[in-house]
Amino acid sequence: MATHKLITLPEAVSRFTRDGMQYASGAGLPVGADAIAFGRELLRQARSNLHGIFHCNSQQLNLLAATGAVTRAECGFTGLEGFGFANGLRRAVESGQLALEDYSNLSMALRLLAGALNLPFMPATVNMGSDIAQRSAFAPQGYPASDKIPGITDPFSGRTLGALSPLKPDLAAIHVTLADVQGNAIMLGTEWSRFELSRAAQKVVLIADHIVDTGCMRQFPNLVRIPGIIVEAVVWWPYAAWPQASPGVHDIDETHMKLMNQWLGSEEGTARYLEQFVHRYRTLDEYLDMIGPDVIEKISHGPTSFLLDPYRPWIQPRSVVEALPSESPAPRSAA
Amino acid sequence: MSASVEPAPAPYTRQEMMAIAAGREIHDGELAIFGVGLSMLAGYFAQAHHAPNVRAMTEGGVYGSTPLGGLPWGIECNRISANAVSFTSALDALGCMVASGRCDVGLIGAAQVDKFGNVNTTGIWGHDMGDTYTPPKTRLTGAGGANDIASGAKRFVIMVGHEKKRFVNKVDYISSPGYLEGGQARERYGFVGGGPSAIVTTLGILRPHPHTREFELSGWFAYTSVEEVRAHTGWDLKLAAHAQQLAEPSVSELSALRRVDQTGMLRKATAQ
């Protein structure tokens, strides 16, 4: 039976998120394809006290930290690469509003893999000896920290390793380039840690640039790294990664990247950002108008556009996607 | 160095000198991992100039690509994704390629570095934290993949602007381990990788003493002096055996670097 999991972005947020949850973003991080539109919708629905699992910071975490919606976070990298420090996150950490637990980019991936495999811990040869292992923002008392990455002994060689705790976030909102209505998905560009995350999370919602016919998945099954059987819902929301990039689909919007990060650097700027770029739209058309047709035109013909060519025959036009009946199957589990 | 037989180069910036000197640390055929920004420019400069067969990757698992249209905004952005031969994941690049011990060399940046090559990119506290963790006065970017490179790569090179506030006796926070407290300290933790082989700065190159692992001045650039380097270093910087002035960029080095640095990021940079 062909299950049909397409729902709207507001419905996905209202159905699958709640205050205080452990919320993970799945993306090509830090300035690549992240479903930043999902974060905007979290704010539109006034979610709070979130515990963010972000392999790396992105403009989504920058925004959620600046507004105070995320109060705890675990990350490997917390900058914006070429765009500098993440000013909203930085402000939240320095003021103590956000407790940020530091890991590294490999240790976050290993923790997700441990969660995916349901292992009690993952042995690691990284982070040991550094303050990542010895300082804890979640358990600040005591140096060196005893419970963050405790040392263990390799039973075979006797060597000391670190034990990384597993991650099993309540929800992963994962950006994908292509999804069918059953939740089978193809990602273009680096997967980063979306494979492990999709298996580690209790629930997975996909945010796709394009909805494709399932024939696409049957043509390229090796490339379908997230199969529909572990996906609760699929959201079609083009330019969900804006102002970041989605390889094959659109480039980074450099002007907005800088504006956003500058505004999030102050309380007043953050309030202005919420008013102008979070609460200003209600529909997809209004969202696209907010980005602006000239910007969309400019970012939509980048050097990676050719990556999408093999899949184009299966991409469903907007009229077809919008004519698809709203999701109807019996839910696999209660929300 | 080829510089001795070529004519004097056109004027160059200190950032360009640092990128070229760091690129000289990368050898042909090596498996190499570059971070974003300066270290990527230095790495791709090496590939464009003297290491055409360097096997480069980014920590997101982008293989076989060269930057297109200027310096990539990130290790996964479109400018580094337009001519790749393989896209995988962080687990693959930082795990299977680096933590495994396979990676020959990594290039990383630093906000602070100390005399044992420990790197801080996490925050500035400005005081000893003591036994209780407190938020930093200034939050930086965190370790990212640099901790993994510092733990697992056979060797790594640190690139950092040479300022006294950055070259400290002891970093506020060890984001990425150098030689920790010096000597054999790294061996307590069973790291796969060997530690930092050089600190390349805007003024020269520091290398670790073979036994104490304290970084010493190994060479300085033509536009500076031992005295100036020492004045900008927060510990009593020793002179390494055979320390010397280093070759200026050759014409071919500079033109290779500028082909990679299409947008002129290193030329816009001010002194330091």
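Here the structure is a predicted model, which means the values were calculated and not measured.

Visitor: I'm lost on the overall build of chain B in this one. Help?
Guide: On a plain count of helices and strands, chain B comes out with seven helices and 15 strands. The principal-axis extents of the C-alpha atoms in chain B amount to approximately 50 × 45 × 35 Å. Every one of the 272 residues in chain B was classed for burial, and the buried ones make up 58%.

Visitor: Honestly, the confidence of the model for chain B in this entry has me stumped. Any pointers?
Guide: As a note on interpretation, predicted positions should not be read in detail where pLDDT is low. For chain B, per-residue confidence averages 92 on the pLDDT scale, and residues scoring 70 or more make up 94% of the total. Interface confidence for the predicted complex, expressed as ipTM, amounts to 0.95; the pTM equals 0.95.

Visitor: Could you clarify how one ought to interpret the domain arrangement of chain A in this entry?
Guide: Note: interface size is frequently given as the accessible area lost on complex formation between the parts. Residue and element names in this part refer to chain A. Each assigned domain of chain A is listed here: domain 1 (6-105 + 168-323) and domain 2 (122-164). Just the C-alpha atoms count here: the centres of domain 1 and domain 2 sit 31 Å apart. Taken residue by residue, the interface counts six residues in domain 1 and six residues in domain 2. Taken together, the residues of the side of domain 1 that touches domain 2 break down into three nonpolar, one polar and two charged.

Visitor: I'm lost on unusual backbone geometry in this one. Help?
Guide: In most cases, non-glycine residues show a negative phi, while peptide bonds are predominantly trans. Residues and elements named next belong to chain A. Residue Pro144 is bonded to the preceding Tyr143 through a cis peptide linkage, with omega at -5°. Tracing the backbone shows Pro144 in the loop between helix H6 (131-134) and strand S7 (151-153). For the bond running from Trp242 to Pro243, omega is 10°, close enough to zero to count as cis. Position of Pro243 among the secondary structure elements: in the loop between strand S13 (233-236) and helix H9 (254-263). For Glu81, which is not glycine, the phi dihedral falls at a positive 50°. Along the chain, Glu81 turns up in the loop between strand S4 (70-77) and helix H4 (87-95).

Analysis parameters
Residues numbered from 1 in each chain as written. Chains lettered and ligands numbered in written order. Predicted model: local features only at pLDDT ≥ 70, side-chain atom pairs only at ≥ 80, totals over all residues. Helix = DSSP H or I, 4+ residues; strand = E, 2+ residues; numbered from the N terminus. Buried ≥ 20, exposed ≤ 12 C-beta atoms within 10 Å, placed from the backbone. pLDDT = per-residue confidence, 0-100. Domains from an automatic or database assignment. Contact = placed C-beta atoms within 7 Å. Nonpolar A, V, L, I, M, F, W, Y, C, P; charged D, E, K, R; others polar.

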